[in-house]
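Residue strings, one per chain:
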Amino acid sequence: IYTPHIYTYISYIYIHLSSLSPIFLPYFPETYIQVIENYLKPLQFFLFMTKMLYLDDSYMKTCQSLVTAVQGTIIMLDQTIFYPTGGGQSCDTGTFLANGTIYKVVSVQKVSGAIYHQVDREGLDVGDQVTCTLNWDRRHRLMRSHTAAHLLSGLMSKQLGAQITGNQLEPE
């Protein structure tokens, strides 16, 4: 049975072994490196779930996170303030700051419980510390529109008997 502690341990092993200097690799049995490259690395997007900080504090504008998985411009973090697209609401946008470089967060998706952040270019690596910053004006407009949509839906249901079964919210 796998627990979050096992995933954390696997992540720790992967990050540290994959960042070792090639000078030290001959001291490790080749099978360990093969296991990491052949089995753990492809599974990293499924193993490391992201803590959704926006569920605890929807007014949080920045946070520090650790990059847990990278595939080109698709990034997973250990925790995030970015709300993913879902339920008729657009995702948050903003930036990651890592190693003196700013990456624009252009899309956030939630698939099978995992949260994927798409950035505007490659360059982030597993183990990088990032400062996440929301485009707060966009988030705040979406929050207000979301609340207004619920109020309007309730009013139309009560006054007219009309049932609203879905909508698509954009910040504009």
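The following paragraphs examine the structure supplied in this document. (Residues numbered from 1 in each chain as written. Predicted model: local features only at pLDDT ≥ 70, side-chain atom pairs only at ≥ 80, totals over all residues. Heavy atoms only, no water.)

### Overview of the side chain of threonine 93
Defined as follows: Each helix is a run of DSSP H or I of at least 4 residues and each strand a run of E of at least 2, with the numbering of both proceeding from the N terminus. Partly exposed describes any residue whose relative accessible area lies between the buried limit of under 20% and the exposed limit of over 50%, with all areas from a 1.4 Å probe on protein chains only and scaled to the type maximum. Contacts between residues were defined by any pair of non-hydrogen atoms, one from each residue, lying within 4.5 Å.
Mapping threonine 93 onto the fold places it in the loop between strand 4 (79-80) and strand 5 (94-98). Looking at threonine 93, the relative accessible area reads 17%, which means it is buried. Not counting residues up to four positions away in its chain, the partners in contact with threonine 93 are Phe82, Val105, Val106, Thr133, Leu134, Asn135 and Arg138.

### Quick notes on unusual backbone geometry
Phi at asparagine 99 is positive, roughly 55°, even though this residue is not glycine. Secondary-structure assignment places asparagine 99 in the loop between strand 5 and strand 6 (101-111).

### A look at helix 3 (residues 136-160)
Basically, it comes down to this: For a helix, the expected span equals 1.5 Å multiplied by the residue count minus one.
Its 25 residues give helix 3 an end-to-end C-alpha distance of 35 Å, which sits within 8% of 36 Å, the value for a rise of 1.5 Å per residue. Looking at helix 3, one finds that the buried residues are Trp136, Arg138, Arg139, Leu142, Met143 and Ala149. Elements in contact with the buried residues of helix 3: strand 8 (129-134). Just downstream of helix 3, glycine 161 is the residue with a positive phi angle, here 75°.

### Observations regarding the sheet that holds strand 8
We apply this condition: Pairing between strands requires that DSSP locate at least two bridges from one strand to the other. To obtain each axis, a line is fitted to C-alpha atoms, and for helices this fit is confined to the stretch in contact; angles are then taken between N-to-C directions over 0 to 180 degrees.
Read around the closed barrel, the six strands follow the order 2-3-7-6-5-8; overall the barrel is antiparallel. Geometrically, the sheet is characterised by an average inter-axis angle of 45° between neighbouring strands, direction not taken into account. Alignment of strand 2 (residues 62-71) against strand 8, held across five bridges, turns out to be antiparallel. Bridging across to strand 8, cysteine 63 finds its partner in cysteine 132.

### Some words on the layout of surface pockets
The test is simple: Here a cavity denotes grid points, spaced 1 Å and computed from the protein atoms alone, that fit a 1.4 Å probe unable to get out, and a pocket denotes an open set having protein on both sides within 12 Å along at least 5 of 7 lines; residues with an atom within 4 Å of a point are the lining. Grid points are joined across faces, edges and corners, and a volume is the space filled by probe spheres set on the points.
If you add up the space inside the second largest pocket, you get close to 200 Å³. The wall of the second largest pocket is formed by Tyr54, Leu55, Ser58, Tyr83, Gln89, Arg139, Met143, His146 and Thr147.

### Observations concerning the pattern of salt bridges
Operational definition: Think of a salt bridge as a Lys or Arg side-chain nitrogen and an Asp or Glu carboxyl oxygen that are within 4 Å of each other.
Taken as a whole and assessed by the stated rule, the structure comprises two salt bridges. Between aspartate 92 and arginine 139 there is a salt bridge, with its nearest N and O atoms 2.6 Å apart. Here arginine 139 lies in helix 3 and aspartate 92 lies in the loop between strand 4 and strand 5, a separation of 47 residues in the sequence. Put simply, arginine 121 and aspartate 120 hold a salt bridge, and the shortest N to O gap is 3.7 Å. We classify arginine 121 as partly exposed; its relative accessible area is 38%.

### Overview of the nonpolar core
Put simply, the test is: Side-chain atoms within 4.5 Å link the members of a nonpolar core, which is a set of buried Ala, Val, Leu, Ile, Met, Phe, Trp, Tyr and Cys residues.
One finds Phe82, Phe96, Val130 and Cys132 to be the most contacted residues of the largest nonpolar core, which totals 22 residues. Listed by contribution, the elements that provide at least two residues to this core are strand 2, strand 3 (74-77), strand 5, strand 6, strand 7 (114-119), strand 8 and helix 3. Beyond its immediate stretch of four places on either side in the chain, cysteine 132 contacts Lys61, Thr62, Cys63, Ser65, Leu77, Ile81, Phe82, Thr95 and Phe96.

### Considerations on the environment of glutamine 109
The condition that has to hold: What qualifies as a polar contact is a pair of N or O atoms within 3.5 Å, subject to a donor-acceptor requirement within protein and to the restriction that residues adjacent in sequence count only when both atoms come from side chains.
By the secondary structure assignment, glutamine 109 is in strand 6. For the pair formed by glutamine 109 and cysteine 91, sequence separation is 18 residues and the distance between their alpha carbons is 7.4 Å. Apart from residues no more than four positions distant in its own chain, glutamine 109 is found in contact with Pro84, Thr85, Ala114, Ile115 and Tyr116. One polar contact links glutamine 109 to serine 107, side chain to side chain, over a distance of 3.1 Å.

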